[in-house]
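So the chains spell out like this:
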Amino acid sequence: MMVNPRRLSDHSAPATPMVSLQNRPMTASAVMKETTDPNDVTGRYSFARRRVDRTENKISLPFCAQSSLPLFIKHDRRVLLFDAYFEEDVQQCAIETTRLHKCEIFFYVEDGTIEIIQKKLDNSGMPQGTFLRRSKVPKHIQSSGLSTEYYGVDDFHIGSDIVIYSRNFNIVNCNESTRQYLFENHGRDMNDLAARPFPRDQFAEVVKEKMSRESGKPGVNRNRKMHELKQIMESMLGKPTSMTDRGMFLECGSKALCFDIVWDDRERLYGDLQFFRLQYFLSDDTIEILPVHGKLDGRDHFPKLLNRSKLPKHKDSNEFYTWNDLAIGETINVYGRSMLIAKCDKFTRSHYESEGIPLDPDMSLEQNEDVPVLHRIIPPYNGFGSEEDSLRSCTGGLNPPPPKRDIAKQSRIGIVLRFNAKLLSDKDEDFRRRF
């Protein structure tokens, strides 16, 4: 048998024959001769054994067929699930004196770690989610530090209490796979594994009744994104931050696809042709729609048509638009509004080309409507007032100012020019006529 130090494990192993490095043989057969019992090769070359070998200048025999499988292979992906709760005192509250927190306890058999997830309750006003990250939990906490004795499978019994970091958890139930595993491998009785009910939670009943009065359906998903400030406040109170979408954020950052879309609503009464700009954020697959205001369009300059959120394809649907669904010439449904995608910017076009999806050329956004040309017709002078004053009422507003006076014309008032004339005629009687 050859010595293979690559067989590693995190678990301790029984003592195995040791060979001093001062007289260490060069081959595995020589090692077998030096050992008192060559068949005793039940040990495994673990990290702990390697550390002892380096300290004592010795070498251990490797893992063999007589050894048992390591725990991380024997109990691979085996997780036990228990339903539990703990109570917390509420001070100065007329509704409740104690609050019930329902949790799920996950026990990983392969390494003995525990993870606790607190069940979420709508509008509870408390940070919820991960209560305890996956780690080994000591049974007792001493003044000098944590205890070296940790919780195991045999410490979890339905109906019993366990203290985890000064919190008293009462176990009431487990799932079917956990119940079957404890019955077959740990000799538990099915009567001991029977489920027990949770105690009455008055606060949850009050919240459920309040939500039923306000919305009619408690716990309805309204597709609202949590405000960033609320996430910061919950993290300051101790709620762990999810790392689920950090990969896309680190890869894409603030990159966004930009499209120009058109909403043609002229078929309805007082409908119009409106233009918007759609921004698709690659980091979290959210969409934001901003209006594009024209010059003197007569509309209020509201900031957004759609706040940044995931856009469902249909009403009450769990399917959302992705960047694969957006293309020039396609129509998207924005909560009942059919909008046509007409244009995109250079970055968006280069992104689709890098993914092997070419986009069609941009569409024209100009309106082809014929604008009527109005010609003003000035009525004839009716004799009332001066002609300039009457003309001012036709070209001005509802309350036109009086016409401006011509100072040069006023300076010539009273001046009369006189001329003499005679009649040009071949007749004798017209010769002396003067005018």
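What comes next is a walk through the structure. The shown structure was predicted, so the numbers you read here are calculated from the model rather than taken from an experiment.

1. Here we look at the sheet that holds strand S12 (residues 273-281)
If you walk across this open sheet you meet the six strands as S14-S13-S12-S11-S16-S15, and the pairing is antiparallel. In the strand order of this sheet, the two ends are held by strand S14 (306-309) and strand S15 (331-334), each with one partner. Along the sheet, successive strands turn relative to each other by an average axial angle of 35 degrees, direction set aside. Against the sheet, helix H8 (residues 346-354) makes contact with strand S11 (256-264) and strand S16 (337-344), and its axis sits at roughly 110 degrees relative to S11, the strand it touches most.

2. What about the sheet that holds strand S10 (residues 167-174)?
Pairing within the open sheet is antiparallel, and its six strands lie in the order S6-S5-S4-S3-S10-S9. Bordering the open sheet on either side are strand S6 (129-135) and strand S9 (161-164), each of which pairs with just one other strand. Pairs of neighbouring strands in the sheet enclose a mean axial angle of 30 degrees, with direction left out of account. Inspection of the sheet shows strand S3 (residues 79-89) paired to strand S4 (residues 98-108) by 11 bridges, in the antiparallel sense. Each bridged residue has a counterpart across the sheet, and for Ala84 the counterpart in S4 is Cys103. Across the sheet, helix H4 (residues 176-185) lies against S3 and S10, angled at about 110 degrees from S3, the strand it touches most.

3. Structural notes on a nonpolar patch on the surface
On the surface, a nonpolar cluster with roughly 450 Å² of combined accessible area is contributed by Leu229, Ile232, Met233 and Met236. Along the polypeptide, Met236 turns up in helix H6 (residues 228-236). Taking relative accessible area as the criterion, Met236 reaches 68% and is therefore assigned exposed.

4. Brief notes about the pairing of strand S13 (residues 286-291)
Looking down a regular strand, the side chains alternate between one sheet face and the other. Counting buried residues along S13, five of its six residues qualify, which places the element largely inside the surrounding structure. The pairing of S12 with S13 spans six bridges and is antiparallel. Across the sheet, the residue bridging to Phe276 is Pro291, located in S13. Relative to S14, S13 runs antiparallel, the two being bridged by two bridges. For Ile289, the partnering residue across the bridge sits in S14 and is Leu306.

5. Points about the pattern of salt bridges
The full count for this structure, using the stated rule, is 16 salt bridges. The salt bridge involving Asp260 is made with Arg277; its shortest N-O contact spans 3.1 Å. Note that Asp260 is positioned in strand S11 and Arg277 in strand S12, a separation of 17 residues in sequence. Assessed through its relative accessible area of 34%, Arg277 is described here as partly exposed. Of the charged contacts in the structure, one is a salt bridge between Lys313 and Asp325, with a shortest N-O distance of 3.3 Å. Taken together, the residues span a long stretch of sequence, with Lys313 in the loop between S14 and S15 and Asp325 in the loop between S14 and S15 at a distance of 12 residues. Looking at Asp325, the relative accessible area reads 28%, which means it is partly exposed.

6. Considerations on unusual backbone geometry
Notably, Arg77 is not glycine yet its phi reads approximately 60 degrees, a positive angle. In this fold, Arg77 is placed in the loop between helix H3 (71-74) and S3. Arg77 gets classed as exposed once you look at its relative accessible area, which sits at 74%.

Parameters and conventions
- Residues numbered from 1 in each chain as written.
- Predicted model: local features only at pLDDT ≥ 70, side-chain atom pairs only at ≥ 80, totals over all residues.
- Heavy atoms only, no water.
- Pairing = 2+ DSSP bridges.
- Helix = DSSP H or I, 4+ residues; strand = E, 2+ residues; numbered from the N terminus.
- Axes fitted to C-alpha atoms, helices over the stretch in contact; angles between N-to-C directions.
- Contact = heavy atoms within 4.5 Å.
- Patch = residues over 30% accessible without salt bridge, like charges linked within 9 Å, V, L, I, M, F, W, Y side chains within 5 Å.
- Areas by Shrake-Rupley, 256 points an atom, 1.4 Å probe, with all protein chains shown as cover.
- Salt bridge = Lys/Arg side-chain N within 4 Å of Asp/Glu carboxyl O.
- Buried < 20%, exposed > 50% of the residue type's maximum accessible area, 1.4 Å probe, protein only.

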